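Single-letter residue listing:
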Amino acid sequence: MVGTGPATAVFVHQAGPTGLCGFWPYAAWLARTNGVRSVLFSQCGNGASQCPAGEPAGQWLAATNAAVTWARARGARQLALVGASAGGVVALQAATAIRPRVDAVVDLSGERRWQGLDSLAAARRLEVPALFAVAPGDSYVRVGTMRQVYQAAPVQAKRLVVLADGAGHGWELLGGPAGTDWSPLAVTVAAWIQGRHR
C-alpha cells in the first residue's frame with residue numbers, strides 16, 4: 001500500500017512479469033499529487049504469491065475481492081478498481097460481483113476474453129461508473145472491441161478514451177517513467193478514482 005486518504009485505488013495488474021511493477025510509479029505519483037491511497041498486490045502465480053490450486057480466473061477474482069475487503073477494513077471510502085490488460089478483464093468482472101459495490105472501475109486495454117472471463121458480458125452487468133482506454137495498434141485489443149465493451153455498459157457515467165497510435169498497452173497508457181511526463185489519461189484516471197466521473 002502507498003499513500004493515505006479516503007480515496008483508494010485497488011490496482012489489478014496485467015499478466016506477465018512486469019505487470020505489478022508497472023503500476024508502482026503511478027501509485028506513488030497519485031499519493032504525492034492527489035492524496036490517493038493505492039493497494040498493489042501480486043496475483044496468483046506472480047511475484048512471491050502463494051495460492052491454493054485452482055483455475056487462474058477464479059484465483060485472480062478471489063485475490064481482487066480480498067484486496068478490496070482489506071482496503072475497506074483500513075478506511076477506504078471512495079474505492080475504485082483499476083485494471084490493465086488481463087487485469088482490466090478481472091476488474092470489470094469483479095466490479096459486477098463485489099458487495100458492497102466499488103465506486104468506479106477503470107479498464108486499461110482490457111482484452112475481450114481472458115481465462116474464460118468475458119469483458120463484454122461483464123460490461124453488460126456494470127452498475128458503477130466505468131472508464132475504458134485503448135490505443136490503436138495494440139496487438140492484444142482493438143479499438144473496435146473496446147468500443148463495443150464501452151457501449152455495452154448500461155451506466156450513464158462512462159467514458160471511452162482512445163489514445164494516439166502506439167501509446168502502448170495496459171499501464172503503459174498512463175505514461176510516466178523513463179523521462180516522459182504522465183499522459184492526460186493518467187490525470188483522467190486519477191479523477192475517476194476520486195469520484196469525479198466526466
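That block above? That's the structure.
Below is a short write-up of the structure. (Residues numbered from 1 in each chain as written. Predicted model: local features only at pLDDT ≥ 70, side-chain atom pairs only at ≥ 80, totals over all residues. Heavy atoms only, no water.)

1. Considerations on the sheet that holds strand 7 (residues 130-134)
- If you trace the 6 strands from one edge of the open sheet to the other, you get 2-1-3-4-7-8, paired in parallel fashion. Bordering the open sheet on either side are strand 2 (37-40) and strand 8 (158-162), each of which pairs with just one other strand. The mean angle between the axes of side-by-side strands here comes to 15°, regardless of whether they run parallel or antiparallel.
- Sheet topology places strand 3 (residues 78-84) next to strand 4 (residues 104-108); 5 bridges connect them, and they run parallel. (Pairing = 2+ DSSP bridges. Helix = DSSP H or I, 4+ residues; strand = E, 2+ residues; numbered from the N terminus. Axes fitted to C-alpha atoms, helices over the stretch in contact; angles between N-to-C directions.)

2. Some points on the environment of Ser-85
- Structurally, Ser-85 is set in the loop between strand 3 and helix 3 (86-97).
- Residue classification places Ser-85 among the buried positions, given a relative accessible area of 5%.
- Between the alpha carbons of Ser-85 and Arg-124 there is a distance of 19 Å; along the sequence they are 39 residues apart.
- Within polar-contact distance, the side chain of Ser-85 engages the side chain of His-169 at 2.7 Å. (Buried < 20%, exposed > 50% of the residue type's maximum accessible area, 1.4 Å probe, protein only. Polar contact = N/O pair within 3.5 Å; in protein donor to acceptor, adjacent residues only side chain to side chain.)

3. Quick notes on the packing of aromatic side chains
- For the structure shown, the criterion picks out 6 aromatic pairs.
- Measuring from ring centre to ring centre gives 4.6 Å for Phe-11 and Phe-23, while their planes differ by 40°; the resulting arrangement is tilted. Of the two residues, Phe-11 is situated in strand 1 (residues 7-12) and Phe-23 in helix 1 (residues 19-34); the sequence distance between them amounts to 12 residues. Accessibility classification places Phe-11 together with Phe-23 in one group, the buried group.
- Each ring, one from Trp-29 and one from Trp-182, has its centre 5.6 Å from the other, and the planes form 35°; the classification is tilted. On the criterion of sequence distance, the pair formed by Trp-29 in helix 1 and Trp-182 in the loop between strand 8 and helix 6 (184-193) is long-range, its members being 153 residues apart.
- Note on Trp-182: relative accessible area 24%, which makes it partly exposed.
- Put simply, the rings of Phe-11, Phe-23, Tyr-26, Trp-29 and Trp-182 pair up and form one aromatic cluster.
- Residue placement shows Lys-158 over the ring face of Tyr-150; its charged tip is 4.8 Å from the ring centre. (Phe/Tyr/Trp six-rings, centres within 6.5 Å; stacked < 30°, edge-to-face > 60°. Lys NZ or Arg CZ within 6 Å of the ring centre and 35° of its normal.)

4. A look at helix 3
- Taking 1.5 Å of rise per residue, 12 residues should cover 16 Å, and helix 3 covers 17 Å from first to last C-alpha, within 8% of that figure.
- Burial within helix 3 is extensive, with 11 of its 12 residues counted as buried.
- Listed in full, the buried residues belonging to helix 3 are Ala-86, Gly-87, Gly-88, Val-89, Val-90, Ala-91, Leu-92, Gln-93, Ala-94, Ala-95 and Thr-96. (Expected span 1.5 Å × (residues − 1).)

5. Considering unusual backbone geometry
- The residue after Arg-99, namely Pro-100, is reached through a cis peptide bond having omega -5°.
- Residue placement: Pro-100 occurs in the loop between helix 3 and strand 4.
- Even without being a glycine, Ser-85 presents a positive backbone phi close to 55°.
- Despite not being glycine, Ser-109 has its phi angle at roughly 60°, a positive value.
- For Ser-109, the location among the structural elements is in the loop between strand 4 and strand 5 (113-114).

6. Overview of the environment of Leu-61
- Inspection of the secondary structure assignment puts Leu-61 in helix 2 (residues 56-73).
- Spatially, the C-alpha atoms of Leu-61 and Val-10 are 13 Å apart, while their sequence positions differ by 51 residues.
- The contacts of Leu-61, once residues within four sequence positions are left out, are Val-90, Gln-93, Ala-94 and Leu-117. (Contact = heavy atoms within 4.5 Å.)

Worth remembering: the numbers are spatial, not functional.
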